[in-house]
Amino acid sequence: MNQLRFLARLVFSQLRMHPGRAIVTTLGIVASTCAVVWVVSGYDALVSQFDENAGKYLGRYDALIMPIGGPPGTPTPTIDDSLIAILSQDAGVLEVNPVSNARVSATKVRRDKGEDESESSLGLLVGDRPPVNGAPPVGPTLVSTPALEAPYELVEGRWLDDDAGSMSAVLGENVAKEMQVNVGDELQVTTFGNRLRLSVVGIVEQAPEAPSLRGGAGGGRRGGGRSQGAASEEGGHREKPRDDLLPRREPRPQTLTDKAQVNISLPSGMIQGVAASAIYVRPDVASKINGYTAKPQVLQIAIRDTVTIDQFRDIWQAKLAAYNPPMQLVDYFAVRKGLESTRSVYGQQSQAWAATGMASLAAIAIIFSTLSMGVTERIREFAMLRAIALTRTQIASIIAIESIAFALIGWTGGLFAGWLMVLVGGRMLPGLFSSGAVLGWSCVLLTGVTVMVGAIGAAVLPAWRAMRIRPLDAMSDRATTRRLNSWAMFGVIGLALVVSTPIVVFALPMDDDVRKWCYSFITYPMLLVGMILLAPAIVVLGERLFAPIVTNVLRLDPRMMKTQLSSNLWRSVGATLALSVGLGLYASTQTWGYSMLVPFTPGNWLPDALVAFHPVGIAPEVESLISEVDGVNSDEVMPLAIEQAKVDWGVAGEPSRLRTGADNAIICGLDPQFAFSDTSGMLPVTFVEGTRESAIESLAGGGACVIAEDYAMATGLGVGDSLTFIPPSADDERVEYKIAGVVALPGWQWVSKFSGVRRHFVRTGTMLFANRSDVQKDFHLPRTEFFWVNFQPTADHEQIEAEFQSIAERHAGGTFTAAGVGEVQTYRPFARMTTTENVKKAIQLRADDMIWGMSYLPLITLIVMSLAVANTIIASVRSRTWEFGVMRSVGVTRGQLVRLVIAETILIGIAACVLSLLFGLIAGWCGVGMAQFGGWFAGPPSFRIPWMHLSFGFALTLMLCLLAGLWPAIKTGRAEPLGLLQAGRSLQ
């Protein structure tokens, strides 16, 4: 213990001698800790609210009964009336409330015409139009309920009255806040069947989000909601047996009649249970909005006080499981378990681990730079201590104690600063923390682990270097470091490792799974090692290339900066690598993100707009009206026959590279000559396999199709191969098309996502083209529902869509058949116009949000790492104090000395920018290449360098370097020559 106390006194005496470096290092640890607290406090808040939110989700009920559903996006099974009747007669049941969910689009009716809405990607493409299968279900859900009393606590207003004709609604508080709606306002609610206005009469309290209840199971005693218990045993979706060996029959002949027998799937909300973002209405009102009488999908159960939830479960669990479809009982514990596995929780966990990793790197870099420079400057001191009495172990212990001291002081300060940030930020800027913020034990433990791991990792190499100091080193006149003369050799090895990374990704033949494993555990680490080995060469070459430019700009003698970085190469490389951690990740994120955006951005092959007449299409005699709409180019209107059908892969099975949900395709029937003609074609696509002429001839002859390039790469299909489809309206039939060409179709994904062409499934694998008459006949499409149109240069898009809507309303009152629902009445058919311009704008908005969201942590890491540059400059100034004193004595001015220090920081920043740019471009390019093996995009890799966004990161880096060197530069410039000479002599 005495020995430890003695070593600690040595450490703290050294810290008192050099407070500047200690302060900078401590601030770096504080900033790293705050970054972790900022992210993890949101997760802590989420976890702390599980119990409360589980009770909020159940409201005044004890449990839910619902069918065990299939995969996300499939129609939700309904509950038979007989089960409701039996439950209502159960002596232990106090109330049974059957509810149903329906996906809608809802917008606030604005009283002020001049009131503007903020532009969003979903607002551009969905807005007040009916929901579609491809678009994410981010809006509110229409919930039909006959409950006489509010199922949740009323926040404002009143509950629904019993008047069936009252067009009133009660909103969940989540919907009210998001849409900025108050009691007395009106909502416009739109579905495939109708559009109505509802008056908001109340707002109820609800959980922030719905739990994940797919196969969830609960268990336990009372304690939440009205009581607690267990959910039913897990169940699963019963899939239909494969019908690969069914006989292939020719499609039955069909005559197109005026009566529209349309069969589509209504958009699913992907919700099991009761929606958390809900618009509550009476069943009669829901029937008018939806166009059909909805059957119950969930039963809210209140049991009597004399019965426990365990007793209820024991009686009903086996009975519920025996129903077709099987039912599950969801209680408080099942809801709480479901809240633990939602997407937001996983997202918060991922962010917490990412922040922890970044902060650990920052702590390692900052403490390492401090300890390394301390060892370099104290070689003579350590040698004298070795000569007097200390062992190698005790010298290493001094380094370890110093590292842990920095960590503990910085950690304590970081927790305090983080607590203030959470306290003040949560009150002044509530939007800063989406789920609230709590400084919980996760914050304390993760920040502690982060800092201690950083401290231990940073102390290893400096301690090893200190242990190698010999007592005879005390005889040297100056504490010098060995210059790294092998930078060229390291550079060659690093360059070889960096170049081999894209070779492994793009060139070497190997299985997809092997390639993914190799990229994760060999190739990417190899790229990181290569960049580290390249750093010395980049610093030296950067000094030789950019030092003359920097000195010329700062009006310095070039000889002053000739070897400033290379003479202390280890120190310069350390600062460069520290900056490159955040900047390199930022550059790779930006490069990868905007490169991946290229194949999803609509290309020039797309016409100006795709118009859909939902849900029944228009009669043949009305089709001519489309070309007569003002603003539409009458010669460039192409009627389409579109269906979304499953692909039958037969006994061979589905190709492994197809992503999840890509087991179907959108078949687009068109006039091949009109579409692909070399001179006047509406679709100027690029053929990558086959020729334009042969494709037109094959499609015109029938039984042929043209597929997208990314689909060809994913499936391995090409010209001459065949694709077999299962018509949605005739499962026993098969339709076979021979591939006549392969074309590049960038952007088909987002166009199909929001235009309504995904008629049955949320996800799809591709869009392909066939002859319109073939598609109409083979897939039994009686009416034309879709048109591609081009506009005149001065066209008013809003006016054009309004005229299309008037054409659609000619078919009001028709019916169509929806999967899982039956016949739906179309009180108000809709014309949905999806313009290519809006799709491009929406993609850019969404991409910017996502890519910049991923870039925040790297930028925060970059800011924290700039403190390592401050340490480097402080050490550089200290080591050159004697040199600066001599320079001042021979006539160098204060301003020149300041600019000399600033020039060094600029060169370090430039080296970091070059290294980060190289890493970002290669890592981003390889990341794009790996996407085709990851199961979610199989098209040709694209590469885009977002120079504007990268320039922001580089400018920020140079600015941070300037700020880091500003105080050491000013301090040095203010010193007198004699003082510099005396201070420099004391360090020798």
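Anything mentioned here points back to the structure above.
Let me begin by describing the structure that accompanies this report. These figures come from a predicted structure and were not determined experimentally.

Our next topic: the overall build of the protein. Across its full length, the protein holds 27 helices and 24 strands. Taking all 988 residues of the protein together, the buried fraction comes to 54%. Counted over contacts in the protein with a minimum sequence separation of 6, partners at least 24 positions apart contribute 85%. Of the roughly 42500 Å² of accessible surface on the protein, a fraction of 58% belongs to carbon and sulfur atoms.

Glancing now at the packing of aromatic side chains. Per the counting criterion, the structure on display carries 21 aromatic pairs. With centroids separated by 5.4 Å and ring planes inclined at 90 degrees, the aromatic side chains of Tyr332 and Phe333 adopt a geometry described as edge-to-face. Accessibility expressed as a relative area gives 5% for Tyr332, which makes it buried. Look at Tyr524 and Phe919: their rings are 6.3 Å apart centre to centre, the planes differ by 65 degrees, and that puts the pair in the edge-to-face class. Here the residue Tyr524 occupies a position in helix α15 (residues 512-553), and Phe919 occupies one in helix α25 (residues 894-931), the gap between them amounting to 395 residues. A relative accessible area of 24% means that Tyr524 is categorised as partly exposed. Each member of the aromatic cluster is reached from another via a ring pair, and the members are Trp605, Phe676, Phe687, Phe769 and Trp788. One residue, Lys646, lies across the ring of Phe761, its end atom 5.0 Å from the ring centre.

So, about the packing of helix α16 (residues 569-597) against α25. Close contact between α16 and α25 brings their axes to 6 Å; oriented N to C, the two are set at 35 degrees. As for the relative orientation of α16 and α25, their crossing is right-handed in sense. Per-class residue counts for the contact of α16 with α25 are 18 nonpolar, 11 polar and no charged.

Right, let's get into the packing of α15 against α25. Their axes nearest at 8 Å, the elements α15 and α25 cross at an angle of 150 degrees. Taken together, the axes of α15 and α25 are roughly antiparallel relative to one another. In this structure, α15 crosses over α25, and the sense of that crossing is right-handed. Here the residues of the contact of α15 with α25 sort into 25 nonpolar, 1 polar and 2 charged.

With that out of the way, let us pick up the environment of Ala400. In this structure, Ala400 sits in helix α12 (residues 392-428). On the accessibility criterion, Ala400 (30% relative accessible area) is partly exposed. Separated by 59 residues in the primary sequence, Ala400 and Ala459 place their C-alpha atoms 5.8 Å from one another.

Looking at the secondary structure, you find His614 in strand β13 (residues 609-614). At 3.1 Å, the side chain of His614 and the side chain of Glu785 are in polar contact. In contact with His614, not counting residues within four places along its chain, are Phe192, Ser755, Gly756, Glu785, Phe786, Pro829, Phe830 and Arg832.

Time to look at the environment of Asp648. Mapped onto the elements, Asp648 comes out in the loop between β14 (632-647) and β15 (664-670). The exposure class of Asp648 is buried, given its relative accessible area of 7%. Once the C-alpha coordinates of Asp648 and Asp663 are considered, the two residues, 15 residues apart in sequence, prove to be 8.4 Å apart. A polar contact of 2.9 Å, which involves the side chain of Asp648, links it to the backbone nitrogen of Gly650. Polar contacts involving the side chain of Asp648 include one to the side chain of Arg734, which spans 2.8 Å.

With that settled, the discussion passes to the nonpolar core. Soluble globular proteins tend to pack their nonpolar side chains together in the buried interior. Counting 63 residues, the largest nonpolar core has Leu527, Met531, Val550, Leu579, Leu862, Val869 and Phe884 as the members making the most contacts within it. A total of 18 residues in this core trace back to one element, the largest contributor, which is α25. With residues near it in sequence (within four places) discarded, Leu579 still touches Leu862, Met865, Ser866, Val869, Ile908, Gly909, Ala912, Thr957 and Cys961.

Between Asn324 and Pro325 the backbone carries a cis peptide bond, its omega angle lying at 0 degrees. Looking at the element boundaries, Pro325 is found in the loop between α8 (309-321) and β12 (327-330). Residue Pro615 follows His614 across a cis peptide bond; omega there is -10 degrees. With respect to the helices and strands, the residue Pro615 is situated in the loop between β13 and β14.

This part takes up the environment of Ala407. Mapped onto the elements, Ala407 comes out in helix α12. As a C-alpha pair, Ala407 and Gly454 span 47 residues in sequence and 8.0 Å in three-dimensional space. Among residues more than four places away in sequence, those in contact with Ala407 are Ile29, Val451, Met452 and Ala455.

Criteria and thresholds
Residues numbered from 1 in each chain as written. Predicted model: local features only at pLDDT ≥ 70, side-chain atom pairs only at ≥ 80, totals over all residues. Heavy atoms only, no water. Helix = DSSP H or I, 4+ residues; strand = E, 2+ residues; numbered from the N terminus. Buried < 20%, exposed > 50% of the residue type's maximum accessible area, 1.4 Å probe, protein only. Contact = heavy atoms within 4.5 Å. Areas by Shrake-Rupley, 256 points an atom, 1.4 Å probe, with all protein chains shown as cover. Phe/Tyr/Trp six-rings, centres within 6.5 Å; stacked < 30°, edge-to-face > 60°. Lys NZ or Arg CZ within 6 Å of the ring centre and 35° of its normal. Axes fitted to C-alpha atoms, helices over the stretch in contact; angles between N-to-C directions. Left-handed = near helix turned anticlockwise from the far one by under 90°. Nonpolar A, V, L, I, M, F, W, Y, C, P; charged D, E, K, R; others polar. Parallel < 35°, antiparallel > 145°, perpendicular 65-115°, else oblique. Polar contact = N/O pair within 3.5 Å; in protein donor to acceptor, adjacent residues only side chain to side chain. Core = buried A, V, L, I, M, F, W, Y, C linked by side-chain atoms within 4.5 Å.

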